[in-house]
Amino acid sequence: MRYLIISDIHANLAAFEAVLDSAGDFDKIWCLGDLVGYGPDPNECIAKLQQFDHLCVAGNHDWAVLERLDLEDFNPDAQTASRWTQAQLTPDNCTFLQSLPTTLIEEGLTLVHGSPRQPVWEYVLYPSVALPNFSYFGTQFCFIGHTHVPLIYRLVLQEFGEFCELIQPPLNGPIPLGEKRLIINPGSVGQPRDGDSRASYAILDLEHRTIEYRRIPYPVEETQQRMEKVNLPARLISRLSFGW
Ligand code: ZN
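Residues numbered from 1 in each chain as written. Predicted model: local features only at pLDDT ≥ 70, side-chain atom pairs only at ≥ 80, totals over all residues. Heavy atoms only, no water.

Engineer: Where do I start with the side chain of E212 in this structure?
Structural biologist: Mapped onto the secondary structure, E212 falls in strand 12 (residues 210–216). What makes E212 buried here is its relative accessible area of 17%. (Helix = DSSP H or I, 4+ residues; strand = E, 2+ residues; numbered from the N terminus. Buried < 20%, exposed > 50% of the residue type's maximum accessible area, 1.4 Å probe, protein only.)

This is the structure in structure tokens:
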């Protein structure tokens with residue numbers, strides 16, 4: 001089975017479509033949350049995901065529009081985008097977001113948005129945060145999103161204890177998953193934050209036990225124009241050009 005692993009689409013349909021067009025054959029989508037928030041196409045992105053066999057977990061922005069999180073915890077631009085998204089979502093799409101679990105265990109893998117320790121909120125930005133999180137899931141691999149940065153953390157056992165390696169995965173070639181435990185982040189489809197504006201995603205091949213990271217350009221201006229039209233905050237519009 002080949003899985004398209006995506007996260008943090010953030011209502012950016014142009015980016016999502018570019019990923020789907022470039023992904024080639026896959027059997028199923030695993031989506032790691034934050035389908036909505038920030039971008040101009042929340043309903044369209046949910047509808048697009050639903051066209052495919054998929055599994056999806058809830059992200060903090062999905063919860064924010066449902067008011068399961070306090071919007072005051074968001075910065076002002078994110079609050080504005082969340083309120084706008086709330087007003088756009090159809091009742092069916094609200095129900096869909098409400099139905100999303102925070103953790104899934106599938107095919108012997110764990111899927112969460114933030115971290116296995118705090119599935120909705122925690123940012124796994126550093127090996128020092130990844131290391132304790134290996135105790136919070138029982139499978140060999142855990143997929144996370146939330147930071148919008150494509151990375152792999154590998155747990156290494158040594159004579160004097162455990163430590164966590166950070167791997168910046170190379171693009172466009174299958175990487176063997178190996179025997180060690182991994183926390184795997186495919187990066188963000190709709191709002192990358194690693195200085196590269198291209199949409200980020202990964203293809204997991206469980207038969208061959210590999211993962212392949214990819215970046216794909218998409219028409220950023222198309223998304224930006226749609227955001228301008230509905231008066232989403234200027235900072236959220238400009239950041240897409242730079243990938244931060
Ligand atoms: Zn996000």
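Engineer: Quick question: what am I supposed to make of the coordination of the zinc ion here?
Structural biologist: When four donors bind a metal tetrahedrally, each ideal donor-metal-donor angle is 109.5 degrees, and when six bind octahedrally, the ideal angles are 90 or 180 degrees. Ligation of the zinc ion by protein atoms is provided by D8 (OD), H10 (NE2), D34 (OD) and H148 (NE2), these donors lying 2.0 to 2.4 Å from the ion. Given 4 donor atoms and angles of 86 to 175° at the metal, the environment of the zinc ion is assigned as irregular. For the zinc ion, the donor residues sit on a single chain with the sequence spacing D-x1-H-x23-D-x113-H. Placement of the pair is H10 in the loop between strand 1 (2–6) and helix 1 (13–22) and H148 in the loop between strand 6 (141–143) and strand 7 (151–158), with a sequence separation of 138 residues. Here H10 matches H148 in class, with each residue buried. (Donors = N, O, S within 2.8 Å, 3.2 Å for Na, K, Ca; no water. Tetrahedral: all angles 85-135°; square planar, octahedral: opposite > 155°, others 65-115°.)

Engineer: Is there a simple way to explain the packing of helix 1 against helix 2 (residues 42–50) in this structure?
Structural biologist: Each pair of packed helices can be described by the angle between their axes along with the distance between the axes. Two numbers describe how helix 1 lies on helix 2: the axes approach to 9 Å, and their chain directions differ by 20°. Relative to helix 2, helix 1 is oriented roughly parallel. Of the residues in helix 2, those in contact with L13, F16, E17 and L20 of helix 1 are E44, C45, K48 and L49. In the contact of helix 1 with helix 2, the residues fall into 5 nonpolar, no polar and 3 charged. (Axes fitted to C-alpha atoms, helices over the stretch in contact; angles between N-to-C directions. Parallel < 35°, antiparallel > 145°, perpendicular 65-115°, else oblique. Contact = heavy atoms within 4.5 Å. Nonpolar A, V, L, I, M, F, W, Y, C, P; charged D, E, K, R; others polar.)

Engineer: How should I be thinking about the pairing of strand 12 in this particular structure?
Structural biologist: On a regular strand, each side chain points to the face opposite its neighbour's, so the side chains alternate between the two faces of the sheet. The buried fraction of strand 12 is high, at 7 of 7 residues. Side chains of strand 12 alternate between two faces, with T210, E212, R214 and I216 and I211, Y213 and R215 buried alike. Between strand 11 (residues 199–205) and strand 12, which pair antiparallel in sequence order, lie 4 residues; one of them, R209, sits at a positive phi of approximately 55°. (Pairing = 2+ DSSP bridges.)

Engineer: Got a minute to help me understand unusual backbone geometry in this structure?
Structural biologist: Negative phi is the rule for most residues except glycine; trans is the rule for most peptide bonds. A positive phi angle, close to 65°, is found at H148, a residue other than glycine. The backbone of N172 sits at a positive phi, close to 60°, despite the residue not being glycine. Note on placement: N172 falls in the loop between strand 8 (161–167) and strand 9 (175–176).

Remember that the coordinates give geometry; whether it matters functionally is a separate question.
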